[in-house]
Amino acid sequence: MSVVRSILIVLVVAFTTLGVAWADEPPVSEETQACLDCHESVSPGIVADWRNSRHSRTTPTQALTKPELERRMSATEVPEKMRTVVVGCYECHGLNTTRHKDSFKHKGQQINVVVSPNDCKTCHPVEANEFATSKKAHAVENLMGNPTYHQLVDSTVGMPHLGAQGPKVGSASEATLRKTCLGCHGSVVGVDGTRTIESDVGTVKVPHLTNWPNQGVGRVNPDGSRGACTACHSRHAFSIEMARQPYTCAQCHMGPDIPAWEVYKESKHGNIFSSMHAKWNFDAVPWKVGVDFTAPTCAACHASLVVSPDNEVIAKRTHDYGSRLWVRLFGLPYSHPQPKSGRTSIIRNADGQPLPTTLAGVPASKFLIDAKEQKKRRDAFSALCLACHSTDWTVSYFDHLDASIGETDKMVKMATDVMRLAWKKGVESPKNLFDGPIERMWVRAWLFYANSIRYASAMSGPDYATFEGGWWHLNENLQAMWDRLNLELRLRKR
Amino acid sequence: MSVVRSILIVLVVAFTTLGVAWADEPPVSEETQACLDCHESVSPGIVADWRNSRHSRTTPTQALTKPELERRMSATEVPEKMRTVVVGCYECHGLNTTRHKDSFKHKGQQINVVVSPNDCKTCHPVEANEFATSKKAHAVENLMGNPTYHQLVDSTVGMPHLGAQGPKVGSASEATLRKTCLGCHGSVVGVDGTRTIESDVGTVKVPHLTNWPNQGVGRVNPDGSRGACTACHSRHAFSIEMARQPYTCAQCHMGPDIPAWEVYKESKHGNIFSSMHAKWNFDAVPWKVGVDFTAPTCAACHASLVVSPDNEVIAKRTHDYGSRLWVRLFGLPYSHPQPKSGRTSIIRNADGQPLPTTLAGVPASKFLIDAKEQKKRRDAFSALCLACHSTDWTVSYFDHLDASIGETDKMVKMATDVMRLAWKKGVESPKNLFDGPIERMWVRAWLFYANSIRYASAMSGPDYATFEGGWWHLNENLQAMWDRLNLELRLRKR
Amino acid sequence: MSVVRSILIVLVVAFTTLGVAWADEPPVSEETQACLDCHESVSPGIVADWRNSRHSRTTPTQALTKPELERRMSATEVPEKMRTVVVGCYECHGLNTTRHKDSFKHKGQQINVVVSPNDCKTCHPVEANEFATSKKAHAVENLMGNPTYHQLVDSTVGMPHLGAQGPKVGSASEATLRKTCLGCHGSVVGVDGTRTIESDVGTVKVPHLTNWPNQGVGRVNPDGSRGACTACHSRHAFSIEMARQPYTCAQCHMGPDIPAWEVYKESKHGNIFSSMHAKWNFDAVPWKVGVDFTAPTCAACHASLVVSPDNEVIAKRTHDYGSRLWVRLFGLPYSHPQPKSGRTSIIRNADGQPLPTTLAGVPASKFLIDAKEQKKRRDAFSALCLACHSTDWTVSYFDHLDASIGETDKMVKMATDVMRLAWKKGVESPKNLFDGPIERMWVRAWLFYANSIRYASAMSGPDYATFEGGWWHLNENLQAMWDRLNLELRLRKR
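What comes next concerns the included structure. (Residues numbered from 1 in each chain as written. Chains lettered and ligands numbered in written order. Predicted model: local features only at pLDDT ≥ 70, side-chain atom pairs only at ≥ 80, totals over all residues. Heavy atoms only, no water.)

## Quick word on the overall build of chain A
Scanning chain A from terminus to terminus reveals 22 helices and eleven strands. Computed over C-alpha atoms, the radius of gyration of chain A comes to 26 Å, within 12% of the 23 Å expected from 2.2 N^0.38 for 494 residues, which places it in the range of a compact globule. If one aligns the C-alpha atoms of chain A with their principal axes, the spans along those axes are about 90 × 60 × 45 Å. The buried share of chain A, reckoned over its 494 residues, is 60%. Sequence separation of 24 or more characterises 57% of the internal contacts of chain A that already satisfy a separation of 6 or more. For chain A, the accessible surface area stands at approximately 19,800 Å², while carbon and sulfur atoms represent 57% of it. (Helix = DSSP H or I, 4+ residues; strand = E, 2+ residues; numbered from the N terminus. Rg over C-alpha atoms; globule rule 2.2 N^0.38 Å. Buried < 20%, exposed > 50% of the residue type's maximum accessible area, 1.4 Å probe, protein only. Contact = heavy atoms within 4.5 Å. Areas by Shrake-Rupley, 256 points an atom, 1.4 Å probe, with all protein chains shown as cover.)

## Notes on the relation of the copies chain C and chain B
For the pair chain C and chain B, the superposition axis carries a translation of 0.0 Å, the fit reaches an RMSD of 0.0 Å, and the rotation angle comes to 120°. Expressed as a symmetry operation, the mapping of one chain copy onto the other fits a three-fold axis. Comparing interface residues between copies, only 17% of those in chain C also sit at the interface in chain B, which points to a heterologous contact through distinct surfaces. (Least-squares fit on C-alpha atoms with pLDDT ≥ 70 in both.)

## Points about the relation of the copies chain C and chain A
The operation relating chain C to chain A is a screw motion whose rotation component is 120°, with 0.0 Å of axial translation and a residual RMSD of 0.0 Å. When the interface residues of chain C are mapped onto chain A, a mere 5% of them are again interface residues, pointing to distinct binding faces.

## Here we look at the side chain of N271 of chain C
Note on placement: N271 of chain C falls in helix α15 (residues 268-276). Classification of N271 of chain C by relative accessible area gives buried; the value is 0%.

## Quick word on the interface of chain C and chain B
If you look at the interface, chain C gives 66 residues, while chain B gives 79 residues. Across the chain C-chain B interface, the total number found is five salt bridges. The shortest N-O distance in the salt bridge between R195 of chain B and D392 of chain C comes to 2.6 Å. Along the contact surface separating chain C from chain B lie 25 residue pairs in polar contact (both at pLDDT 80 or more). For the side of chain C that touches chain B, the elements supplying multiple residues, two or more each, are α1 (2-16), α15, α18 (391-424), α20 (462-465) and α21 (471-493) of chain C. The element contributing the most residues to the side of chain C that touches chain B is α18 of chain C, with 16 residues. Considered class by class, the residues forming the side of chain C that touches chain B number 32 nonpolar, 19 polar and 15 charged. (Salt bridge = Lys/Arg side-chain N within 4 Å of Asp/Glu carboxyl O. Polar contact = N/O pair within 3.5 Å; in protein donor to acceptor, adjacent residues only side chain to side chain. Nonpolar A, V, L, I, M, F, W, Y, C, P; charged D, E, K, R; others polar.)

## Observations concerning the sheet that holds strand β8 (residues 306-307) of chain A
Residues and elements named next belong to chain A. Spatial strand order, β7-β8-β9: three strands in an open sheet with mixed pairing. Since the sheet does not close on itself, it has two edges, and those belong to β7 (287-288) and β9 (313-315), each with one partner. Here two bridges tie β7 to β8, and the two strands are oriented parallel to one another. Paired with K288 across the strands is V307, a residue of β8. (Pairing = 2+ DSSP bridges.)

## Focus: the nonpolar core
Core analysis: the largest hydrophobic core is formed by 276 residues, its most contacted members being W442 and W446 of chain A, W442 and W446 of chain B together with W442 and W446 of chain C. With residues near it in sequence (within four places) discarded, W442 of chain A still touches L359, A415, T416, M419, W423, L433, F434 and M481 of chain A. (Core = buried A, V, L, I, M, F, W, Y, C linked by side-chain atoms within 4.5 Å.)

## Concerning the pattern of salt bridges
For the structure shown, the criterion picks out 60 salt bridges over all chains. Note that D283 of chain B is salt-bridged to R54 of chain B, the shortest N-O span being 2.6 Å. Of this pair, D283 of chain B sits in the loop between α15 (268-276) and β7 (287-288) while R54 of chain B is found in the loop between α3 (44-51) and α4 (60-63), placing the two residues 229 residues apart along the sequence. Among the residues examined, D283 of chain B registers a relative accessible area of 17% and is labelled buried. Of the charged contacts, one joins E77 of chain B and R83 of chain B as a salt bridge, the two residues approaching to 3.9 Å between their closest N and O atoms. Residues joined in a network through salt bridges with shared partners are D483 and R490 of chain A together with R484 and E488 of chain C.

## Notes on the interface of chain C and chain A
Opposite the 73 residues of chain C that make contact, chain A presents 64 residues. In this assembly, chain C packs against chain A so that about 5,800 Å² is buried in total across both faces, 61% of it on carbon and sulfur atoms. Scanning the region where chain C abuts chain A turns up five salt bridges. When the shortest N-O distance is used, the salt bridge between R484 of chain C and D483 of chain A registers 2.9 Å. Put simply, chain C and chain A have 25 residue pairs in polar contact (both at pLDDT 80 or more) between them. (Buried area = accessible area lost by both parts, 1.4 Å probe.)

## Details of the sheet that holds strand β9 (residues 313-315) of chain B
As a general point, the strands of a sheet are linked pairwise by backbone hydrogen bonds and lie either parallel or antiparallel. The three strands lie next to each other as β7-β8-β9 (chain B), forming an open sheet whose pairing is mixed. On the outer flanks of this sheet lie β7 and β9 of chain B, each paired with one strand and no other.

## Side note on the state of the cysteines
All names here are of chain A. Scanning the model with the defined rule gives three disulfides over all chains in all. C184 shares a disulfide with C252; S-S distance 2.3 Å. Its S-S torsion of about -100° marks the bond between C184 and C252 as left-handed, since a negative value means left-handed. Here the residue C184 occupies a position in helix α12 (residues 181-185), and C252 occupies one in the loop between α14 (246-249) and α15 (260-266), the gap between them amounting to 68 residues. (Disulfide = S-S within 2.5 Å.)

## Digging into the packing of aromatic side chains
In total, this model carries 69 aromatic pairs over all chains according to the counting rule given. Where F448 of chain A meets Y449 of chain A, the ring centres are 6.3 Å apart and the plane angle is 75°; that geometry is what we call edge-to-face. F448 of chain A sits in the buried class, given a relative accessible area of 3%. Between Y264 of chain C and F273 of chain C, the ring centres sit 6.1 Å apart and the planes meet at 50°, which makes this aromatic pair tilted. An aromatic cluster is present here, built from Y247, W261, Y264, F273, W280, F282, W287 and F293 of chain A joined pairwise through their rings. Over the face of the ring belonging to Y397 of chain B we find K179 of chain A, whose NZ or CZ atom lies 4.0 Å from the ring centre. (Phe/Tyr/Trp six-rings, centres within 6.5 Å; stacked < 30°, edge-to-face > 60°. Lys NZ or Arg CZ within 6 Å of the ring centre and 35° of its normal.)

## Concerning helix α17 (residues 371-386) of chain B
All names here are of chain B. Compared with an ideal rise of 1.5 Å per residue, which puts 16 residues at 22 Å, α17 spans 22 Å between its outermost C-alpha atoms and is within 8% of the ideal. Among all positions of α17, only R377, R378, F381, S382, L384 and C385 are buried. All buried residues of α17 fall inside an arc of 145° around its axis, so they share one side. In this structure, α17 carries K372, K375 and K376 as exposed residues pointing more than 90 degrees from its buried face. Buried residues along α17 sit against α16 (298-302), β8 (306-307), β9 and α18 (391-424). (Expected span 1.5 Å × (residues − 1). Arc of directions from axis to C-beta.)

## Concerning a positive patch on the surface
A cluster of basic side chains, namely K424, K425, R492 and K493 of chain A, defines a positive patch on the protein surface. Here R492 of chain A is to be found in helix α22 (residues 471-493). (Patch = residues over 30% accessible without salt bridge, like charges linked within 9 Å, V, L, I, M, F, W, Y side chains within 5 Å. Lys, Arg positive; Asp, Glu negative; His and termini not counted. Charge placed at Lys NZ, Arg CZ, Asp CG, Glu CD.)

## Things to note about the packing of helix α19 (residues 437-459) of chain B against α21 of chain C
One way to put it is that α19 of chain B packs onto α21 of chain C with a least axis distance of 10 Å and a crossing angle of 145°. Of the two elements, α19 of chain B crosses α21 of chain C, and the hand of that crossing is left-handed. For the pair formed by α19 of chain B and α21 of chain C, the contact residues are P437, R440, V443, R444 and F448 of chain B on the first element and W472, H473, N475, E476, Q479 and D483 of chain C on the second. (Axes fitted to C-alpha atoms, helices over the stretch in contact; angles between N-to-C directions. Left-handed = near helix turned anticlockwise from the far one by under 90°.)

## Thoughts on the packing of helix α17 (residues 371-386) of chain C against α18 of chain C
All names here are of chain C. Running from N to C, α17 and α18 point in directions that differ by 125°, and their axes come no closer than 10 Å. On the basis of their axis angle, the class for α17 and α18 is oblique. For the crossing formed where α17 meets α18, the hand is right-handed. Only T391, T394, F398, D399 and D402 of α18 make contact with α17, whose side of the interface consists of R378, F381, S382, C385 and L386. (Parallel < 35°, antiparallel > 145°, perpendicular 65-115°, else oblique.)

Honestly, that's just the spatial picture; any functional story needs more than this.
Right under this line is the structure:
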């Protein structure tokens, strides 16, 4: 038994240190040790999660000894104090404290409650900078700062007033916004005084945060920075392993408006992932196609550094997730080329509306990438496909996607034509575009059904293009829009 | 190579016996051995499943050698005959035979077909007693013994009669009930004579059970006891491992009326579970936060004995799953404080209806836990959150949940106001509350959409509060109720 | 502990490498080596996938040394050239080249782009022949060659024309068909000249395939054969492991029309699979109940060679997936006995329609298996159940299924009666059975809701029989059909 035990110890050590061999315990800063001394019992789950993390076992100096392709930090140097200790509580929560409205004196140390992308940037500047230019970083403003989208938000999650003429759209409450749209888009986190906490280790005063908790990817933080790295790299493990799992993206990219996750699951890629991923290596950097994984997850196509078994780079890592894409499948109300800037609230179409296309389908080209850039991105993206598919396969695949995009945009145009007739006849009012019975069907057409078909076409989930949110519904809904309009017109004639 | 292989064999053997080392085969009772001798070939899957189980490797005497916190049985002594043999076929199927209508003489032994919670109680009395007081144990009567709910059952799963005035609600058949509502709630299992079976080991007569098979959690058994432990601890492995997986709860807690599973999957907790649970230990007792698991499953928050890495108890084990909860999110038609008794069919609201609130939203407080008890439970529940979250985080989280509950209840009130107008105008009849076109929309409002939002708010699944069964539908549906009522009134005027 | 366990699993897998020990590298044919030399860099994912496969490590001669029950190939001899090399690129892509319209001279070798079931038949003739008689092999013609179904296809995924009288059904485009119906049913793949490809290894001309890419299970290949083995055995791993995972079947058997996957996931079997399958052996041949797996996946009941722990055969392997079934749950519009032939487009009902039942529910018995064959199959299927369930359990289970089938068929009859009234009154036209507002509700009744209930009943997914696509919707929809018809009749009267 003791022989077995010693073998086990050798194995455990060999495998859990992941190549990082400390003679003794990993070096923890004095400040972090002070945190751990209390929080080990006050918040044991956080500490245990961190102990499982790479952060708890690695110093920046060690991390920099790796060849560049294998490196997980993009800074080439970090503040001296941080170099030879592992990345512990204080190393993250003690950064840039003067910028943080949520900073407070805690047991003798200056601590921030919320760690922001600007803090993570200390070791991960390339990733933070890429992210900062993305649509995700601007997710709050892009939604709430766009008067048209804001009208849709209120029509969707606002509590209406019920009067003698039926329900009238009201404003969405802060609480509901946080549990709905801003659950993914992110909230604007502020600080409103302090809260007094009683615990085993005494009474403490902590900043009381408003619009908190929130892990929306575009969260505006108390230091003014935008984003929440923890939206994907869950605290306090911050693992690349988790971020590469499609379940992570599925936190937001699911549901009738954007069924990317559902489509992926149905797809051949999803089938291979679901069936075989227990044998994959989600932790390897760089990520080797066919060796570490045998079918792409969301990350492989949209974010990760992917290489061949011979370490030839197939795709560079990016944290601006839309930057590999040429077309934006998500119709508003039509699909369109990807926006040039992650800040989409600046877009105005030819009719002056803050939409990437007009209601007639004309793209706001000034704000969108041009044909050359589209081709460049499409070619680069195709390189990922070509790792496992032939050129003929790949080219035809995207040609079919183009056809699906074209047809769904035509279908949205038909729905919009019926809608315009309803507006013209005064059956519904375009003052609020989204609140009447026919208007809600129109929203379904472009927000739910056309999107479902496009995602299904892009990733091959035939049911999401057919009976599950797809063409069936698009056709049925168009008929229902017509039917409802026609009924109204007949009733009036009498 | 051969050295490595022999080490491996040693290791595999050492670890698969889970620390229980029998010099030889585990001690099996004579009676159980007789069962195995035939059933090994007659029902090989059952025997193989049992051989994988802890029951097949452990005697009660051994189980009692563990420290109390690690113990999986709550009895401190068991009948002498059972003490030093493993828990085999006969040890369970041979208990309390005189109480069992499904007991029969089989190959010289008295055997019950159905093992009931009262039988499991022999070794697990604390769990059986907790369960016996729960809503789950009364799930059949709570549904079928409540005339209002029964009306909803018939309107939902009953086969209607199609007459000259359209469909009229009929009674649901026994067969359909078992495949629908009672699939989860449980059936009342009876015995109706015997069935003669021909098999390789000869002809046998066995009791013919009625309303069987069924594994609904509130099943009424042939010994008069209530419940099916196998609803969660699947036979014949009866593993705690499986009961702790959210897939187990998802057997029933899913779908538009109670999308707990769907919401969990979308949540951050669900994301961590899905991405990382291959590395968790679902078998450990007690269950260590941050060590055995890094995000809660259903069991962690609602049932399991959860401890810190230092074995400090964070939550005691309970098999009365509602007992940790203060509010009942599931609206009938409004959310309300948890019922005092698991037997909810006794509840009467101020209007005399068997509902926990009136249609106007007044709670039947006499039957519901009071504010003090609510606070006590909320504080206890918060201790689980605090293992990984700060106090400010946790308090704000539940404050936002309160806001969601309040708003959805107001929305249900608006839908009910439209409904009442329809009843008042004679557009539909309140004789059956659930069968007219507008009534069915009203049911959707409180049973599907408001519930979806509340679960989504409680566990953070933003899409289930927004487009996937949530606010979008609640608003659209309210408009549609109004629209349909209004149409009828306009048609009448002409 | 769990870390240790996963290490152990890794090691065990590493050392037991499937029993095939090559002193050196496995023997690869010259031709295959030539493929690998370029494609290792040109399509690294494909090569890496193949390297992980059994094909890359096994020669047919070795495969034939196994006892028959353990054999994965059904040919008893193969062409001499193939016997002592592993199954590499050329061994599959170089077969039967004269039959292949997609064959081309490539770097000195004659290569087919698409490997077809007729090619796989070289080593797997029993499987290929079984498959060739199945409904799956005829999936394209069964759908597209049936004028009634084709009308449904156009009404569902066709782009309509919007005229002054509202939307009129148009023809579905080729591109959309491939992304919808034919994504699962399969496309007819042709060859249209060549495409010139520029790559690192020079310029090559390759056949340009039409209706490609496609992995639909009934695909018609450029060699005239039907089917795509890769629909389930994903290229280039072709693993039995993946084919046995329910995720594979779920690529197509999901969604509102055929929610087999959703129902399975909710079921007790699905619960056990989801919770425990990390411990199963999906690779073993034969597949041992209770040892290799503890609950059936789709494959166990519908396809795999299943044996007891003592190697007694419980079910023989089949690649004609419907051949174990007696009833066809999938209503068209009513459930009916399984068709005699996999080519269902030949069926004509008593009214001359190409449907397995009349609209009044009379089965086209001449084309369907008779009562004797039904009983035979039901008995054989029951043997699978009996591995883990008692006879009383099993018999009652299928009796309840019969009841569900009977009730849902009655419900479909009611919906059809309302539909016929609408046709008779001229409210809608039966010229196209599927395009009017009431007709679309009628399709929902039999295609979505009745099917959902039957699958839910067959595999025990209570929510799919109740609120999630089940009885709730069937009743609500019948009421809505009536309501819409009645509204029209009232409007006319005025």
